[in-house]
Structure formats: C-alpha cells, structure tokens
Amino acid sequence: MKPSRLLSTVLLCASLTTLAACGGEDTTTESAPPAASAPASPTTSAAEPPSPSAAAVTKSDKELCEATKQIGEEMKASVVKVFQGDAAAAPAAFGKILTDLDQKMTALAASGGDGAVTAGLKQFAAESAKAAKAADPVAAADNPTFEKVGTDLTAACKAAGVDVNF
C-alpha cells in the first residue's frame with residue numbers, strides 16, 4: 001500500500017472514529033396501540049394502559065449518537081488490526097469493515113425517527129456500502145462525497161447539542 005493511501009486511510013479512520021463522539025437530547029417517544037373495537041367485559045376496564053411490547057419506541061438523537069460512538073470505536077479497533085497485519089490483505093479486510101459499518105449504521109438508522117441524525121446515518125451507511133464493494137475500498141472511501149456525509153452527520157449531532165468532528 002502506498003504511503004499516501006495509508007495516510008488517507010488513517011485519516012478516514014480517524015474521521016470515522018470521531019463519529020463515535022455523538023450525543024444529544026433524550027426525546028424518546030411512545031405510541032399507544034389502537035383501541036379495541038370489542039366492548040370491555042365487566043372484569044376489565046375500558047381504558048387499559050398499553051403493554052410495553054405494544055408500544056413503538058423510537059431512539060432519540062442522543063441514543064443514536066451514543067450507539068454510533070460504540071460502532072466507531074469497534075471500527076477503529078478493527079482498522080488498527082488490519083494495518084498491523086498483512087498489507088496485501090488490507091483492501092479485502094477494509095472492505096469487510098466498511099460492510100460491517102454499513103450494516104450496523106443501517107440497523108441503527110432504522111431505529112431512529114425522521115431527523116437529521118437518522119438521515120446522516122443512512123447516508124453514511126450508503127457511502128460505506130459503496131466503498132466496500134469497490135475493488136480498492138481504501139481508495140473508494142477517500143472521496144469528497146464520503147467526506148460530505150461525515151460533515152453532514154457532524155452538523156446533525158451538533159444541532160442536537162453534541163460537538164463532533166468528522
């Protein structure tokens with residue numbers, strides 16, 4: 001691997017690791033299940049509280065960013081191991097790391113609401129997936145679009161009250 005690519009990869013990894021510094025306000029929301037259409041029997045009340053399993057819970061921006069922090073820390077540890085190992089195997093290993101990043105961020109975004117943090121996670125996951133499929137994932141991840149989605153996610157976390165830097 002060329003030194004300039006290694007430097008680009010390390011900088012990309014540092015940016016992705018900074019992703020881990022997200023946080024924000026806890027704004028968990030719950031929705032009640034639809035009311036039953038059958039009349040209540042004499043032994044039950046007409047307005048029973050929803051059961052915990054029936055309530056839909058959306059993660060707050062803070063929860064999303066805290067989980068993103070954990071994902072970033074795991075990714076950083078994986079990247080360090082890759083670059084301490086066989087340089088010839090690095091592109092394939094980095095591709096796997098990016099695939100894992102895509103899958104985790106996609107799943108995390110699915111648990112969020114319609115906010116900017118969720119949108120940023122989806123965009124970051126999509127760029128990770130694209131780079132992972134490239135013949136040279138390291139070079140593919142080193143692009144202005146990937147940088148922009150990192151900047152957008154940084155801005156979303158900052159708007160949620162958390163300073164991060166991608």
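Residues numbered from 1 in each chain as written. Predicted model: local features only at pLDDT ≥ 70, side-chain atom pairs only at ≥ 80, totals over all residues. Heavy atoms only, no water.

1. Comments concerning the packing of helix α2 (residues 61-84) against helix α4 (residues 116-133)
Part 1 of the reasoning: As a packed pair, α2 and α4 sit with axes 9 Å apart at the nearest point and diverge in direction by 30°. Judged by the inter-axis angle, α2 sits roughly parallel to α4. From α2, Asp61, Leu64, Cys65 and Thr68 reach across to α4, where they touch Val117, Thr118 and Leu121.
Part 2 of the reasoning: In terms of residue class, the contact of α2 with α4 is made up of four nonpolar, two polar and one charged. (Axes fitted to C-alpha atoms, helices over the stretch in contact; angles between N-to-C directions. Helix = DSSP H or I, 4+ residues; strand = E, 2+ residues; numbered from the N terminus. Parallel < 35°, antiparallel > 145°, perpendicular 65-115°, else oblique. Contact = heavy atoms within 4.5 Å. Nonpolar A, V, L, I, M, F, W, Y, C, P; charged D, E, K, R; others polar.)

2. Quick look at the environment of glycine 95
Part 1 of the reasoning: Considering the arrangement of structural elements, one finds glycine 95 in helix α3 (residues 90-110).
Part 2 of the reasoning: Through-space distance from the C-alpha of glycine 95 to that of alanine 141 is 9.6 Å; in sequence the pair is 46 residues apart.
Part 3 of the reasoning: The contacts of glycine 95, once residues within four sequence positions are left out, are Ala132 and Pro137.

3. Re α2
Part 1 of the reasoning: Taking 1.5 Å of rise per residue, the 24 residues of α2 would be expected to cover 34 Å, and the 34 Å separating its terminal C-alpha atoms lies within 8% of that figure.
Part 2 of the reasoning: Listed in full, the buried residues belonging to α2 are Leu64, Cys65, Thr68, Ile71, Gly72, Met75, Val79 and Val82. (Expected span 1.5 Å × (residues − 1). Buried < 20%, exposed > 50% of the residue type's maximum accessible area, 1.4 Å probe, protein only.)

4. Re the packing of α3 against α4
Part 1 of the reasoning: Viewed as axis vectors pointing N to C, α3 and α4 meet at an angle of 155°, and their least axial separation amounts to 8 Å. Between α3 and α4, the interaxial angle falls into the category roughly antiparallel. When you trace α3 past α4, the crossing you get is left-handed. Along its contact with α3, which presents Gly95, Leu98, Thr99, Leu101, Asp102, Met105, Thr106, Leu108 and Ala109, the element α4 presents Thr118, Leu121, Lys122, Phe124, Ala125, Ala126, Ser128, Ala129, Ala131 and Ala132.
Part 2 of the reasoning: The residue inventory of the contact of α3 with α4, partitioned by class, reads twelve nonpolar, five polar and two charged. (Left-handed = near helix turned anticlockwise from the far one by under 90°.)

5. Examining the side chain of threonine 118
Part 1 of the reasoning: Tracing the backbone through its elements, the reader meets threonine 118 in helix α4.
Part 2 of the reasoning: The class of threonine 118 is buried, set by a relative accessible area of 2%.
Part 3 of the reasoning: Only 3.3 Å separates the side chain of threonine 118 from the backbone oxygen of glycine 113, close enough to count as a polar contact.
Part 4 of the reasoning: When sequence neighbours within four positions are dropped, the list of residues in contact with threonine 118 reads Leu64, Ala109, Gly112 and Gly113. (Polar contact = N/O pair within 3.5 Å; in protein donor to acceptor, adjacent residues only side chain to side chain.)

6. Here's the deal with the confidence of the model for the protein
Part 1 of the reasoning: For the protein, mean pLDDT is 73; residues scoring 70 or higher make up 64% of the total.
Part 2 of the reasoning: Here helix α1 (residues 3-18) stands out as the element of the protein with the lowest mean pLDDT, 43, in contrast to α4, whose mean of 95 is the highest.
Part 3 of the reasoning: Contacts of residues 1-55 to residues separated by more than four positions or lying in other chains number 86 contacts, the stretch itself having pLDDT below 50. (pLDDT = per-residue confidence, 0-100.)

7. So, the pattern of salt bridges
Part 1 of the reasoning: Within the structure shown, the criterion is met by four salt bridges.
Part 2 of the reasoning: Where aspartate 100 meets lysine 104, a salt bridge forms, and the shortest distance between an N and an O atom there is 3.3 Å. Of this pair, aspartate 100 and lysine 104 both sit in helix α3, four residues apart, roughly one helical turn.
Part 3 of the reasoning: For aspartate 100, a relative accessible area of 30% translates into the label partly exposed.
Part 4 of the reasoning: Judged by relative accessible area, lysine 104 falls into the partly exposed class, the value being 30%.
Part 5 of the reasoning: As a salt-bridge pair, aspartate 152 and lysine 148 come within 2.8 Å of each other at their nearest N and O atoms. Highlighted residues: aspartate 152 and lysine 148, both in helix α6 (residues 144-159), separated by four residues, approximately one helical turn.
Part 6 of the reasoning: On the basis of relative accessibility, which here comes to 28%, the residue aspartate 152 falls in the partly exposed class.
Part 7 of the reasoning: Each member of the salt-bridge network shares a partner with another, and the members are Glu74, Asp100 and Lys104. (Salt bridge = Lys/Arg side-chain N within 4 Å of Asp/Glu carboxyl O.)

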